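Reading the structure
The primary structure of each chain is shown beneath.
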Amino acid sequence: GKLAPDSFGTQLDECAYPLVMALAVGLTSKSYYEDHIKPAANFVATHGPNFGPERWEEQDGFSPSTISAEIAGLLAAAEIADRNHDADSAAIWRGVADEFQRNLKTWTLTTNGPASPQPYFIRLSKTGDPNAATVYNVGNGGPTLDQRDVIDAGFLEFARLGLLKKDDADIVRSLAVVDSTIRKTTDSGDGFLRYNGDGYGDRSSDGRPWAPSNQGTGHVWPVLAGERGQFELDNGDVSAAVRRLKAM
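Residues numbered from 1 in each chain as written. Predicted model: local features only at pLDDT ≥ 70, side-chain atom pairs only at ≥ 80, totals over all residues. Heavy atoms only, no water.

What follows deals with the overall build of the protein chain. Counting secondary structure elements, the protein chain contains 9 helices and 6 strands. Over its C-alpha atoms the protein chain spans a radius of gyration of 19 Å, differing by no more than 12% from the 18 Å that the globule rule assigns to 248 residues. In terms of principal-axis extent, the alpha carbons of the protein chain reach across some 60 × 40 × 35 Å. Counting only residues that meet the buried cut, the protein chain has 49% of its 248 residues in that class. Pairs at least 24 apart in sequence give 60% of the contacts found in the protein chain among residues at least 6 apart. Carbon and sulfur atoms make up 53% of the accessible area of the protein chain, which totals about 11,700 Å². Averaged over its 24 positive side-chain charges, the protein chain has a centre that lies 3 Å from the centre of its 34 negative ones. (Helix = DSSP H or I, 4+ residues; strand = E, 2+ residues; numbered from the N terminus. Rg over C-alpha atoms; globule rule 2.2 N^0.38 Å. Buried < 20%, exposed > 50% of the residue type's maximum accessible area, 1.4 Å probe, protein only. Contact = heavy atoms within 4.5 Å. Areas by Shrake-Rupley, 256 points an atom, 1.4 Å probe, with all protein chains shown as cover. Lys, Arg positive; Asp, Glu negative; His and termini not counted. Charge placed at Lys NZ, Arg CZ, Asp CG, Glu CD.)

Sizing a probe to match a water molecule and rolling it over the atoms shows the empty space that remains. Here the largest pocket is characterised by a volume of approximately 460 Å³. Along the walls of the largest pocket sit 22 residues, with Gly1, Glu14, Cys15, Pro18 and Ala40 positioned nearest its centre. Sorting the residues of the lining of the largest pocket by element identifies helix H1 (12-25) and helix H2 (30-47) as the ones contributing at least two each. For the lining of the largest pocket, the leading source of residues is H1, giving 7 residues. Of the residues that constitute the lining of the largest pocket, the class distribution is 14 nonpolar, 5 polar and 3 charged. Of the voids in this model, the second largest pocket is the one considered here, and its volume is about 300 Å³. Every residue lining the second largest pocket is counted, 15 residues in all, and those nearest its centre are Gln11, Arg55, Trp56, Glu57 and Trp221. Grouping the constituent residues of the lining of the second largest pocket by class yields 5 nonpolar, 3 polar and 7 charged. (1 Å grid on protein atoms, 1.4 Å probe; cavity = no way out; pocket = protein on both sides within 12 Å on 5 of 7 lines; lining within 4 Å. Points joined across faces, edges and corners; volume = space filled by probe spheres on them. Nonpolar A, V, L, I, M, F, W, Y, C, P; charged D, E, K, R; others polar.)

Let us look at the packing of aromatic side chains. Summed over all chains, the structure comprises 9 aromatic pairs. Between Phe121 and Phe155 the ring centres are 5.6 Å apart and the planes differ by 20°, which places this aromatic pair in the stacked class. Taken together, the residues Phe121 in strand E2 (residues 120-121) and Phe155 in the loop between strand E4 (144-146) and helix H6 (156-160) connect sequence positions 34 residues apart. Phe155 matches Phe121 in its accessibility class, with the two residues each being buried. On the numbers, 5.1 Å between centres and 80° between planes, the contact of Tyr200 with Trp210 is edge-to-face. (Phe/Tyr/Trp six-rings, centres within 6.5 Å; stacked < 30°, edge-to-face > 60°.)

A word on the pattern of salt bridges. One pass over the full model with this rule turns up 21 salt bridges. Glu79 is the partner of Arg83 in a salt bridge, and the nearest nitrogen-oxygen pair spans 3.1 Å. Here Glu79 and Arg83 lie together in helix H3 (residues 64-83), a separation of 4 residues that amounts to about one turn. Given a relative accessible area of 30%, Glu79 falls into the partly exposed group. In this structure, Arg203 and Asp206 form a salt bridge, with 2.7 Å as the shortest nitrogen-oxygen distance. By sharing partners, the salt bridges in this structure join Glu54, Glu58, Arg123, Arg194 and Asp198 into a single network. (Salt bridge = Lys/Arg side-chain N within 4 Å of Asp/Glu carboxyl O.)

Moving on to unusual backbone geometry. Residue Gly48 is joined to Pro49 through a cis peptide bond whose omega torsion reads 5°. The peptide bond linking Ala211 to Pro212 adopts the cis configuration, its omega dihedral lying at 0°. For Pro212, the position within the fold is in the loop between strand E6 (189-192) and helix H8 (222-234). The phi torsion at Glu57 lies on the positive side, around 60°, for a residue other than glycine. Residue placement: Glu57 occurs in the loop between H2 and H3.

By the definition in use, this model includes 2 cavities of 30 Å³ or more. Of the pockets and cavities examined, the largest cavity occupies roughly 70 Å³. In this structure, the largest cavity is lined by Arg55, Trp56, Ala153, Leu156, Val178, Phe192, Leu193, Arg194, Leu224, Glu227 and Arg228. By residue number, the principal contributor to the lining of the largest cavity is H8, which donates 3 residues. Looking at the lining of the largest cavity residue by residue, the class counts come to 7 nonpolar, no polar and 4 charged. In this model, the second largest cavity occupies a volume close to 30 Å³. Lining the second largest cavity are Phe51, Gly52, Pro53, Glu54, Gln59, Asp60, Gly61, Ser63 and Thr66.

In structure tokens form, the structure reads like this:
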């Protein structure tokens, strides 16, 4: 819950992912648990699912990527709590994680959005209602859009972290929306924007820096091809994942 030194804000995904990392690398001792794991997990449990900005550090709301990190972090913390004989904390964190997981689609899947006649995941819902005609400015000199029009691929964390099955029909349908909205073809292969309307980047018309004019053009981020490749690898499509790696 401490302020980040770069953005001077608090992001729940940045609070939660260290819990996953701690379990992965074995930082599970009693002292480490009491000094670091327990306070962090309690912060995530009491402030989630919506607190502070999501992964792009520009918007608050109910974000698929952030909520995924929260759930994974709480479950990792619960495992560490078990190892330190703190059953009460483990039960609380698992209960909160379960509640968040049960509401993933309620908070982030629109059923009336214009991008597809079928349900699809949006970048985030401002109030937890993904069907509301809520508008917000995406920032960085970008446009003001209906939340149902703003697409990113953060929902892939649902599958990567095991919160939904990788062949979940809503995930598969949402990938088609991603490809029709923010996929871009380059000489090296396909890449992806952070989200449509992104203005963070040097301006395409004249190379003008984004700062301090706040007039820029969002570009393809190679890491997002990697996220898609991870999903494809998890689905057994190794050749597709290799193409993503080459594109990166």
